[in-house]
Structures are given as C-alpha cells and as structure tokens.
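Structural features, examined
Each chain, letter by letter, is given below.
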Amino acid sequence: APMMPWKMHEANWKPPPGRPPALRAAAILARGESPGENRPNATRRDKDVEIIELTKENFEQVVNDHDMVVVDFWAPWCAPCRAFAPTFEAESRLHDDVVFGKVNTEEQQELAAAFSIRSIPTLMFFRERVILYAEAGAVPPAMLAEVVKQAKLVEMAEVHREIAAQQSGESGNA
C-alpha cells in the first residue's frame, strides 16, 4: 500500500503554541543549548548514532523496515539546514526506537519532488509508513522533542482505520 499523508492535527494533536521562528532556532543553537536541557527524564546514548543518508534507492526500505522514522530534507547550501543539523543529531541520540535520516535535496531531487518539498529544511515524521508530521523550517530543540514525543503517543490503529475509511470512500467500495 502506498504511504498516505496523515496529519497529527487530524487526531486533535496541536503543536506547542508560539513556535519560535527559524531564526530563533539558530540563536538557540548559537547559545549552545542542548535539547536534553529542561528535560530531566531524557536519557542520552553513549554511542554515536548513525543518521542514515536516505536516497531514492533506500528510502522506501528504511521507512518500511522501521516503525518510526524522522526525516530531515536539507541541502548543503542552506544555512538554516546547517544550523538545524546539531539539533537533529542531538535528538537522534535520545531515541533508540526512532530512526533519523537525512535527504540531501540537491542529490535526491526526485525524492524531494515526490514529497513536494518546496522549502528546506523540512522535517517529516513517519510512523508505520504514515506521515504524521511534515513542516518546513528549522525547529528549535524543544519543538523537535515535542514532535517526537507526540508522534510516539498517536494511536496508530485509529489512524489506519481512518486511512482505510478514506481509501474505501474514494474508491467507492464503502
């Protein structure tokens, strides 16, 4: 079955109010704040975490083989993308159960087009092959942590039922 876009707000999920602009995210990174700060229950992994370089050849396999995948669409020339990279890497160390991957939109233009990437960085969260979150802009550490936390809490059986109902309605087999 094809991957279907689905938004967390369809399950009454709302992002934290007052999302700081991307420039604030860069300022937070410049101050050297860690995404683990202000989160006393966060546990860091000691080992280095591999962030997977996603390509059109391996993207589908990675998303199919892992329950939760966070994808950063970026480009080397993009200053906000480079500013977001340490936040993405730091958050990846906190989650053994989530795969973190990056798509270089310059090298993977076909993949970026398939997901209608219009501006970068764009962050997507896949869970059980469903897009739960997709937003452009460098998010600050606390926002990225909240996206991962909320995505883990989504009741996926309900999501799959809604998708199945939408698909059967569209095909006329309701």
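Report follows, based on the coordinates. (Residues numbered from 1 in each chain as written. Predicted model: local features only at pLDDT ≥ 70, side-chain atom pairs only at ≥ 80, totals over all residues. Heavy atoms only, no water.)

When helices and strands are counted, the chain shows six helices and five strands. Going from N to C terminus, the chain has its helices and strands arranged as α-β-α-β-α-β-α-β-β-α-α. Residue pairs in contact within the chain that sit at least 24 positions apart in sequence constitute 78% of those at least 6 positions apart. Within the structure as shown, the chain displays about 9,500 Å² of accessible surface, and the carbon and sulfur contribution to it stands at 50%. (Helix = DSSP H or I, 4+ residues; strand = E, 2+ residues; numbered from the N terminus. Contact = heavy atoms within 4.5 Å. Areas by Shrake-Rupley, 256 points an atom, 1.4 Å probe, with all protein chains shown as cover.)

All told, the structure shown has six aromatic pairs when counted by the stated rule. Centre to centre, the rings of Phe 88 and Phe 100 are 5.2 Å apart; their planes meet at 70°, and the pair counts as edge-to-face. Placement of the pair is Phe 88 in helix α3 (residues 79-92) and Phe 100 in strand β3 (residues 99-104), with a sequence separation of twelve residues. With respect to class, Phe 88 is no different from Phe 100; both count as buried. Aromatic ring contacts, followed pair by pair, group Phe 59, Phe 73, Phe 115 and Phe 126 into a single cluster. Its guanidinium or amino end placed over the ring of Trp 74, Lys 102 lies 5.4 Å from that ring's centre, counting from NZ or CZ. (Phe/Tyr/Trp six-rings, centres within 6.5 Å; stacked < 30°, edge-to-face > 60°. Buried < 20%, exposed > 50% of the residue type's maximum accessible area, 1.4 Å probe, protein only. Lys NZ or Arg CZ within 6 Å of the ring centre and 35° of its normal.)

Here we come to the pattern of salt bridges. This structure, assessed with the given rule, holds three salt bridges. Its salt-bridge partner being Asp 72, residue Lys 102 comes within 2.7 Å of it at the nearest N-O pair. Here Lys 102 is found in strand β3, whereas its partner Asp 72 is found in strand β2 (residues 68-74), with 30 residues between them in sequence. Taking relative accessible area as the criterion, Lys 102 reaches 14% and is therefore assigned buried. Judged by its relative accessible area of 0%, Asp 72 is buried. Measuring nitrogen to oxygen at the nearest pair gives 3.1 Å for the salt bridge that ties Lys 152 to Asp 97. Separated by 55 residues along the polypeptide, Lys 152 in helix α5 (residues 141-153) and Asp 97 in the loop between α3 and β3 bring together distant segments of the chain. With relative accessibility at 28%, the residue Lys 152 sits in the partly exposed group. Under the relative-accessibility criterion, Asp 97 is labelled partly exposed at 42%. (Salt bridge = Lys/Arg side-chain N within 4 Å of Asp/Glu carboxyl O.)

Once that is clear, we can look at the environment of Ala 138. Of note, Ala 138 is situated in the loop between β5 (130-136) and α5. A relative accessible area of 4% means that Ala 138 is categorised as buried. Ala 138 sits 66 residues away from Asp 72 along the chain, and the two C-alpha atoms are 9.6 Å apart.

Let us now look at the packing of α3 against α5. Direction vectors running N to C along α3 and α5 enclose 40°, while the axes themselves pass 10 Å from each other. Taken as axis vectors, α3 and α5 run oblique relative to one another. The element α3 and its partner α5 pack so that their crossing is right-handed. Across the interface between the two elements, Phe 84, Thr 87, Phe 88 and Glu 91 of α3 pack against Pro 141, Leu 144, Ala 145 and Val 148 of α5. (Axes fitted to C-alpha atoms, helices over the stretch in contact; angles between N-to-C directions. Parallel < 35°, antiparallel > 145°, perpendicular 65-115°, else oblique. Left-handed = near helix turned anticlockwise from the far one by under 90°.)

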